[in-house]
Structures are given as structure tokens and as C-alpha cells.
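Examining the three-dimensional arrangement
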Amino acid sequence: KKVKEEGEASDAAVKKKKKAATADGEKAEKGTKKKKVKSGLGEKGLMEAVAVQEEGAITVKEEPEKKEEVPVEDGPTDEEVAKAAAMKKEKEAAREALKEAVAKPELSRLEQAIEKAKKAELEAKDLAAAEKALSVERLKQEARGKLRDAEDSGNVDKLKAAMEEAMTAGLDASELKHVKDLLDAAESKEKVEAALRTAVQERNVHDLKFAIPQAKESGIDAKLISEAEEVLRLEEPKMKAREQLQEATTHVSKAALQAAIQAAKDAGLEASEFVKAEALLKKEEQKEKLMKEVNAALADSQQVDMKSIDSLREMKDKLQTALKAALEAGVPEADLVPIDQRRKKLHNAVEDLKGSIRVFCRVRPLSKKETGQGDTSICEAVDQMTVKVKDEQFLFDAVFTPGTQDEVFEDCRDLVQSAADGYNVTMFAYGQTGAGKTFTMYGTKGNEGTAPRTIQEIFKVTQQGSDRFEYTVVGSMLELYCNAVVDLLSKGNPSQSKAKLNIRQEKNGNVAVEGLTEEECKNADELMNLLERGNDQRTVAATAMNSESSRSHLILIIKIISVNKETKEVLKGKMLMCDLAGSERLKRSEVTDHQQTEAIAINKSLTALGDVIEALTKGGKGVVPYRNHKLTLLMQDSLGG
């Protein structure tokens, strides 16, 4: 019995375990399905888990939940920012014009203001008040026209109807007083005669046209009527000629002005009445003449020798002269786009012939320390392009021994115009530590170097072009220190200096530094202040070769964005000015520890720059290794890339 009971108990236990296992299995299966959603195991992973579960207990290792990456869109480009700024100014000017036109409503002024506002893409709500005022003015203008027609007809009833319509349109009482006087005069013979005499005396065509029929109906003296008709015969052509002159001087064209002036002469108008039209005609003829000269210069430029610097310079100056004269005469900007583009092309062809990569050599004088040690100079200038070192001669684009700061900058001055024309330019100083690179690039107070002089030239060029272009000048400054990009305008600022700067190339080929501080500079003083703030943050250290050796590459980036005021064309140029860290041999500079790491990083970057320059001078054959270092990657769009 005991054995039987134990067997039954065993069977019951087995059934209970199976039931529990089934329940656990269902529970585990549900849990697994839930994990599919949470962990992202996928269908295959889920099937494997269920298969293992049927054999026994399993442990599923959940993969960390992957958050969906939201693509970060690029911010607006500098061109878009400049264009937006120009559009903003245009909209503000359009709003101001609308306010003035509404405050002093006049048909042509309102029409011009509304046209300007629509061109500036103002919203409908901004136009509402002006369009309402324009609607009112058009009704008034229509009423004025009907009044004139009614006066000319000499019909009292028609004039009365026109006056009622004018009052409904809201014409001022002062404008209607004259019409009211005419209607009053028509009520008696004495008043009719007085009105006729006044019209003859004032030689008013509209009044004569109304008064003569009234005088005939009232039986006024025929002699007076005859006199009035003669005055009308003489004055009506003059009135029409004046109206034609008004139209021609408002909507200017050569043909309309010629016709109006001839009509004025035929009608016997005084010369003083069409002197304005003659001046405008002379201006239009001058425009026509200058456009012929522009087109002739443009045609001649197609035949210029593109390999001769002198020929290119001469043709560029000829185009510039023709362009300037045409602009001063009032030729529309849109008509001059071809010659302006050709001028830019020739200007940069000159620069390219000088060398897309130009190398100047500047030999500094010996220092007091060097002369005290008995050192002597081994460099000798053979001519303006050749320097002799011992028995070897080296050819450069220019040689300065040492030359003045102004002389050095003079050969770089035209590059500013290239940047203003929308091209990218790089200037950098290269040489061993203590060679005078920083002095050449930045100089001292009262003896400024290339960078400060470039800043002054930028604002000189933009000022000269301010009649045609809306300029935006943006500056930034960074250093490349041990292969790390450092924002010098935020260095030392705890809230900004930790931000990582990334160099990337945009779709249009432009190089951008993400997170770099950029400041718009309205004048040369603001950009100079930016330069000084950045210079103060540069990393320097003492070595055996230089007491203040630059331990980083210092880079000033100046962007010049221009928006043509008439055509809205946007151009973006960039000047990248780099004071490279000094190249040096570790043994000679006697640096140790961290400074040794700095020196290795400097030499590595300069080697990468040398590789890029060498590749570029081979005429674009093969791959230019811009990506070998951050320094060359940063220069890519301004160094032949």
C-alpha cells in the first residue's frame, strides 16, 4: 500500500511539474515575444531562442536599445546668410517706402512703393494699407480725368455729374473749388463772360473749352469769343506737348524723349520748359554710346593674349574704365554683367600667370646676438628674383633683402580684389623659427605687416564697391596646436573653449570648421581688434633658437560676401592668412619633453604642406594629399583645391 501511494504521489508530482513547465514555457514564450520588440532580436534571433527554450532554460542577452539617429542638417552657408541680410535690409527699406507713400498718398509714388515691396517679397499684410490707399488714389485719378473731359466738353450737366462723382471719390474741396466756380459762372451771362475773360487771361485750355460753348449759348460778344478760340488754338498743342514731356521724363526712353522734345518745339514752348527732357535725352544718348564702347571692349577682350601679363593688365584696365564710365552714366547693372565677369576673369588670369602658387623670399638682417657671436650673412640678392647662398642660386617670384613691409605687401595687394571678386586666397609665412615670419605677417605698431595691411585694403575695396554691392566681412581666428584645432576667439572661455572643432568639406567644395567662432566686422578697426584678441591667445614658448617661438600655426580667416544690389547675385571669397610655426631641428632648438612633442607635430604638419605644394606644382597630376594633415585639409579650398 505504501509503495502504491508513493507511486501515485510520484505520478501526481510528475503531472504537476509538466503543468508548471507548460505554464513556464508559455510565460517564457510571451516574454520572448516582448523582448523581440524591446531588444530588436529579429525574427531569426527569436526562432533560435524558442528552439533552445524547448530543450531547457535559456538566458537571452539583450542588445542595447539603439536610438534612431536624427541626421543633423547643415546650417546656412555664408552666402545664404549674406543674401538674407541683404534681403532684410531691402525689406526694411520697402516697408519705409510704403509708410511714406501711405502718409502722403500719390498715385505714382504708391505704385512704385508697392512694386518695390513685392520685389522684396513682403507679406500681404504689409502691403494691405498701401494697396487700399492705391485703390482710393486710382478712383480719385479717374475722377480728375472725368472732370477734365467734362470741362473740355462745355456741357454743364456733364460737369455736374463729374463733380458729384469726384466728391464721392473723396477729392479735396480745394480741388473742386475751380469746378464749382465754373458751374456758378454758367448760371448768368455776366458770370459766363467773366469766366471766359479769366480763361483767356490765364490761357487755361480746359477752362477755355468749357467757357467758349457757354459764352456762345449766352450770347456773349463774338469778338471776345473769337479771341478765346484763337488762344485755345495756340495753347492746346502746348498743353499736349507739356503732357507728353511729363510722360517722357517720368518713363524715360530715348525715343519718347526725342518725340516729346520735337512736339514741344513744334508747339512753340519756351526752351526752359523742355530743358530737363533735353538733359535726360543727352544722358540716354551717353548711355547708348558707352554701351557700344562696353561691347567693343568686351569683343576686343576675346582676342587678348592670355599668356601675356602686360596684355592682360592693359585689357583689364580698359574693361574697368569702360565699366566704371557706364555705371556712372546710369547704365543698369544687369546690362553690365558680361563685362564685369570678363574683368574678374582677366584680373585673376593675371594673378594666375604670376603663379597660382607664388613664393617670395625675404632675408632678415642679422640680430645683435648673431653679429656679437661673429656670424656673417651668406645670402646675396643677385636680382629682384634671385638669391645666392654660397655658390648656389635660387629663383623666386620676388626677393626682399629685407625690403620694407609696404614693399612686401604691394605684391600681395591685388589678391584682396580677387577675394572681393569671389575667389579664395591663401597667404602664409614659412621658414625656420626666428626667421621673421610673424614680423612679416603681423609686424609691430607703426610698422604693420601683411595681415593688418590686408585688413585695411579689404575695407578700402569694399568701400569703393559699396554703390553696387552690399558687403559682409566675417572674421575668425584659430591655431593648429599639436594637431588640435583651437578657437582663439573663445580660448579661455569655460563656456565655449571645450567645444570640439571639426574640419569638413561642404558639397560645394568649401571648407568649413564646425563650432568655430565667427564675428561680422563692420570696419577695419573691428577686424583689427579681432586679430589682436586672437594673437594674444597664441601658444608660444622659449627655445634655444627663439625666446618667443611660435608653437602653433596661427590662421586668420576673412570671408568677404557680396550681394549685388540690383541683380542679387551672391559672391563669396575667402582670405586665409597663416603664420606657420617655425620649422626646426630638435638638436638645434634644444627642446625637451612636451616641447619636443610640439616640435615633432610642427615638422610633421610642415612636411604634409610641402607634399601638397609639390603635388600642386606638378600641374594637377595625381592625387593631392590634402587629407594627410588638418593643416592642408583646412587650406584645401584656398590652396588650389
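Note that this is a predicted model, so its numbers are computed, not measured. (Residues numbered from 1 in each chain as written. Predicted model: local features only at pLDDT ≥ 70, side-chain atom pairs only at ≥ 80, totals over all residues. Heavy atoms only, no water.)

The subject of this paragraph is the pattern of salt bridges. Close approach of charged atoms allows side chains of opposite charge to pair. Within the structure shown, the criterion is met by 35 salt bridges. The shortest N-O distance in the salt bridge between Glu 90 and Lys 568 comes to 2.9 Å. In this pair, Glu 90 sits in helix H3 (residues 78-103) while Lys 568 sits in the loop between strand E16 (553-564) and strand E17 (570-579), placing the two residues 478 residues apart along the sequence. By relative accessible area, Lys 568 is classed as partly exposed at 24%. Residues Glu 457 and Arg 413 are paired through a salt bridge, measuring 2.8 Å at the closest nitrogen-oxygen approach. With Glu 457 in helix H19 (residues 450-464) and Arg 413 in the loop between helix H16 (405-410) and helix H17 (414-420), the pair connects residues that are 44 residues apart, well separated along the chain. (Salt bridge = Lys/Arg side-chain N within 4 Å of Asp/Glu carboxyl O. Helix = DSSP H or I, 4+ residues; strand = E, 2+ residues; numbered from the N terminus. Buried < 20%, exposed > 50% of the residue type's maximum accessible area, 1.4 Å probe, protein only.)

This part is about the packing of aromatic side chains. Evaluated as defined, the whole model comprises 2 aromatic pairs. Note on Phe 360 and Phe 400: the rings are 6.1 Å apart at their centroids and 75 degrees apart in plane angle, and the pair reads as edge-to-face. Of the two residues, Phe 360 is situated in strand E1 (residues 360-362) and Phe 400 in strand E5 (residues 398-400); the sequence distance between them amounts to 40 residues. What makes Phe 400 buried here is its relative accessible area of 9%. Pairing Phe 469 with Tyr 471 gives two aromatic rings, centres 5.8 Å apart and planes at 50 degrees, and the pair type is tilted. What makes Phe 469 buried here is its relative accessible area of 10%. (Phe/Tyr/Trp six-rings, centres within 6.5 Å; stacked < 30°, edge-to-face > 60°.)

Counting along an α-helix, one turn takes 3.6 residues, and residues three or four places apart therefore face a common direction. Compared with the 42 Å implied by 1.5 Å per residue over 29 residues, the 41 Å span of helix H10 (residues 222-250) between its first and last C-alpha is a close match. At Glu 235, H10 is deflected by roughly 30 degrees, the largest bend along its length, and proline Pro 237 occurs up to four residues later in sequence. Buried residues of H10: Leu 224, Ile 225, Ala 228, Val 231, Leu 232, Glu 235, Lys 238, Met 239, Ala 241, Leu 245, Ala 248 and Thr 249, and no others. Along its buried surface, H10 packs onto helix H8 (189-202), helix H9 (205-218), helix H11 (254-267) and helix H12 (275-301). (Expected span 1.5 Å × (residues − 1). Bend = angle between axes of the 7 residues up to and from the residue. Contact = heavy atoms within 4.5 Å.)

Sheet topology places strand E11 (residues 502-505) next to strand E12 (residues 511-514); 4 bridges connect them, and they run antiparallel. Within E12, the residue paired with Ile 503 across the bridge is Val 513. The loop that links E11 with its antiparallel partner E12 comprises 5 residues; one of these, Gly 509, has a positive phi angle of about 95 degrees. (Pairing = 2+ DSSP bridges.)

A water-sized probe rolled over the atoms picks out the places where empty space is left. Considered as a void within the structure, the second largest pocket measures approximately 740 Å³ in volume. Along its surface, the second largest pocket is lined by 28 residues, and Gln 320, Gln 417, Val 461, Gln 464 and Gly 465 are the ones closest to its centre. Elements that contribute at least two residues to the lining of the second largest pocket include exactly helix H13 (309-328), helix H14 (337-354), H17, H19 and strand E9 (469-481). Of the residues forming the lining of the second largest pocket, the biggest block, 7 residues, is contributed by H13. Partitioning the lining of the second largest pocket into residue classes produces 8 nonpolar, 6 polar and 14 charged. (1 Å grid on protein atoms, 1.4 Å probe; cavity = no way out; pocket = protein on both sides within 12 Å on 5 of 7 lines; lining within 4 Å. Points joined across faces, edges and corners; volume = space filled by probe spheres on them. Nonpolar A, V, L, I, M, F, W, Y, C, P; charged D, E, K, R; others polar.)

Attention now moves to the sheet that holds strand E2 (residues 379-383). The strand order across the open sheet formed by 3 strands is E2-E3-E4, and the pairing between neighbours is antiparallel. The strands lining the two open edges of the sheet, one partner per strand, are E2 and strand E4 (392-395). Averaged over all pairs of adjacent strands, the angle between their axes in this sheet comes to 30 degrees, without regard to strand direction. Pairing of E2 with strand E3 (residues 386-389) involves 4 bridges; the strand directions are antiparallel. By the bridge assignment, Glu 380 is partnered in E3 with Lys 388. (Axes fitted to C-alpha atoms, helices over the stretch in contact; angles between N-to-C directions.)

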